[in-house]
Amino acid sequence: MALSVICLGGSAYDHVFRLPFRPTEPVKVIASGHEGRAGGMAATAAVAVAALGANGIFWGRIGSDREGEAVEEQFKKAGVDTTDLVRVEGASTAVSAILIDDEGERAIAAFGGVGLGGDPLWLPLEKVRNADAVLCDLRWPEGALALLAEARKCGVPSVLDADVAPSEQLKMLLRAADHVLFSEPALTSFTGLAEVGAALGAVAQETPAQIGVTLGARGCCLWVNGDVLVIPGYKVAIRDTSGAGDIFHGAYALAVAEGRAVPEAARFANAAAALKCALGNGWQGMPTRQAVENLTRG
């Protein structure tokens, strides 16, 4: 039976524009391409889990609008379990505008939707005991806290995708998770420290969790027994970096569910994220398990 990873948090409908460069000042730029596709941090992590051969389960909320319908349809095409995806009547789904330049780097403007509600009481927490790992992002903090608490109660390993968020909210959640993996901007924002080792050391004073930080093409760093362990990234020709961090977290959570040691889980996640950057193409461009394993061995 395939392992199961519950991913809770944000889903969105993304408008993706391809540009020759990313604007840094007021200007009109003619896009060479546009597409609409589903996205979101925990949502993309769930798709990555499914693409890697496990049962990717998404818990979250969408609106009763065309964007929500499109997101739900793309979840189904990706093979994600959406039994507990809730469509909130009268609410609007989160949307984003993503600008991708010729180097594959991106800028994002995100709108979190309206009327989705924060009450987590509807969550089927009794299902957590049957999961092999859980993952949360910060887009629904009330739901994340409820899921993390239940996972700890059941002895199910938990992963927090720690992006930029209010400090007190992040403190509360990082103390509830077993693994906390920051983006580099979030780590700097939370600690006020630019040097990765010092910043990870500061976070270690806040939580007993296994902590680390993703560094894009440079890979990631882990805080292990008071020292920084660098896990180098993989060199690939980059087509689109959108969602790379989300795929890292999904792959990492799956590797933890499989019982892999933390450094091995990070290498597996680095490979999955790198291949996604090379493939591009949104949720349709997810790397296969075989491709990820081949890259880690190569």
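The coordinates are above.
Residues numbered from 1 in each chain as written. Predicted model: local features only at pLDDT ≥ 70, side-chain atom pairs only at ≥ 80, totals over all residues. Heavy atoms only, no water.

A. Spatial organisation of the side chain of Asp246. With respect to the helices and strands, Asp246 occurs in helix H7 (residues 244-257). Despite its burial, Asp246 pairs with no opposite charge, the nearest such side chain being Arg106 at 6.9 Å. Filtering out sequence-adjacent residues up to four positions away, Asp246 remains in contact with Gly40, Met41, Thr44, Ala45 and Asp161. (Helix = DSSP H or I, 4+ residues; strand = E, 2+ residues; numbered from the N terminus. Buried < 20%, exposed > 50% of the residue type's maximum accessible area, 1.4 Å probe, protein only. Lys, Arg positive; Asp, Glu negative; His and termini not counted. Salt bridge = Lys/Arg side-chain N within 4 Å of Asp/Glu carboxyl O. Contact = heavy atoms within 4.5 Å.)

B. Structural context of the nonpolar core. Within the largest apolar cluster, 52 residues are counted, with the highest numbers of intra-cluster contacts made by Val5, Phe58, Phe75 and Tyr252. Of all the secondary-structure elements, those providing two or more residues to this core are strand E1 (4-8), helix H1 (41-51), strand E4 (55-63), helix H2 (66-77), strand E8 (133-136), strand E12 (219-224), H7 and helix H8 (262-279). Looking at which element gives the most residues to this core, the answer is H8, with 11 residues. The next biggest cluster of nonpolar side chains, apart from the first, holds 39 residues, and it includes Leu8, Ile57, Leu170 and Val180. (Core = buried A, V, L, I, M, F, W, Y, C linked by side-chain atoms within 4.5 Å.)

C. Structural context of the packing of aromatic side chains. By the definition in use, this model includes 5 aromatic pairs. Of the aromatic side chains, those joined through ring pairs into one cluster are Phe58, Phe75 and Trp283. Geometry around Trp140 places Arg61 over its ring, the cationic atom sitting 4.3 Å from the centre. Positioned over the ring face of Phe268 is Arg260, at 4.4 Å from the centre of the ring. (Phe/Tyr/Trp six-rings, centres within 6.5 Å; stacked < 30°, edge-to-face > 60°. Lys NZ or Arg CZ within 6 Å of the ring centre and 35° of its normal.)

D. Representation of the sheet that holds strand E5 (residues 85-88) within the structure. The strand order across the open sheet formed by 9 strands is E5-E4-E1-E8-E9-E10-E11-E12-E13, and the pairing between neighbours is mixed. Edge positions in the sheet fall to E5 and strand E13 (227-232), since each has one partner strand and no second. Sheet twist, expressed as the average angle between the axes of neighbouring strands with direction ignored, equals 20 degrees. By the bridge criterion, 3 bridges tie E8 to strand E9 (residues 158-162) in an arrangement that is parallel. Bridge pairing links Val134 to Ser158 in E9. Packed on one face of the sheet, H7 meets E1, E8, E9, strand E10 (179-183), strand E11 (210-214) and E12 and runs near 165 degrees to E9. (Pairing = 2+ DSSP bridges. Axes fitted to C-alpha atoms, helices over the stretch in contact; angles between N-to-C directions.)

E. A look at the sheet that holds strand E2 (residues 12-18). With mixed pairing, the 4 strands of this open sheet are ordered in space as E3-E2-E6-E7. Looking at the sheet topology across the chains shown, the edges are occupied by strand E3 (33-39) and strand E7 (106-111). Across the sheet, the mean angle separating the axes of adjacent strands is 20 degrees when strand polarity is ignored. Bridging between E2 and strand E6 (residues 95-100) involves 6 bridges; their strand directions are parallel. When the sheet's bridge partners are listed, Asp14 is paired in E6 with Ser96. Relative to E2, H2 is tilted by about 90 degrees, and along the sheet it contacts E2, E3 and E6.

F. The packing of H1 against H7, seen in detail. Axis separation between H1 and H7 bottoms out at 7 Å; the angle between their running directions is 50 degrees. The pairing of H1 with H7 is recorded here as oblique in orientation. Crossing handedness for the pair H1 and H7: right-handed. For the pair H1 and H7, the contacting residues are Met41, Thr44, Ala45, Ala48 and Val49 in the first and Asp246, Ile247, Gly250 and Leu254 in the second. The residue inventory of the contact of H1 with H7, partitioned by class, reads 6 nonpolar, 2 polar and 1 charged. (Parallel < 35°, antiparallel > 145°, perpendicular 65-115°, else oblique. Left-handed = near helix turned anticlockwise from the far one by under 90°. Nonpolar A, V, L, I, M, F, W, Y, C, P; charged D, E, K, R; others polar.)

G. Summary view of the pattern of salt bridges. Throughout the structure, instances matching the rule amount to 15 salt bridges. A salt bridge links Arg87 to Glu72; the nearest nitrogen and oxygen atoms lie 4.0 Å apart. Placement of Arg87 in strand E5 and of Glu72 in helix H2 is noted, with a sequence separation of 15 residues between them. Residue classification places Arg87 among the partly exposed residues on the basis of a relative accessible area of 35%. In this structure Glu72 comes out as buried when scored by relative accessible area, which is 18%. Note that Glu264 is salt-bridged to Arg260, the shortest N-O span being 3.5 Å. Note on Glu264: relative accessible area 37%, which makes it partly exposed.

Don't take any of this as a statement about function, it's just geometry.
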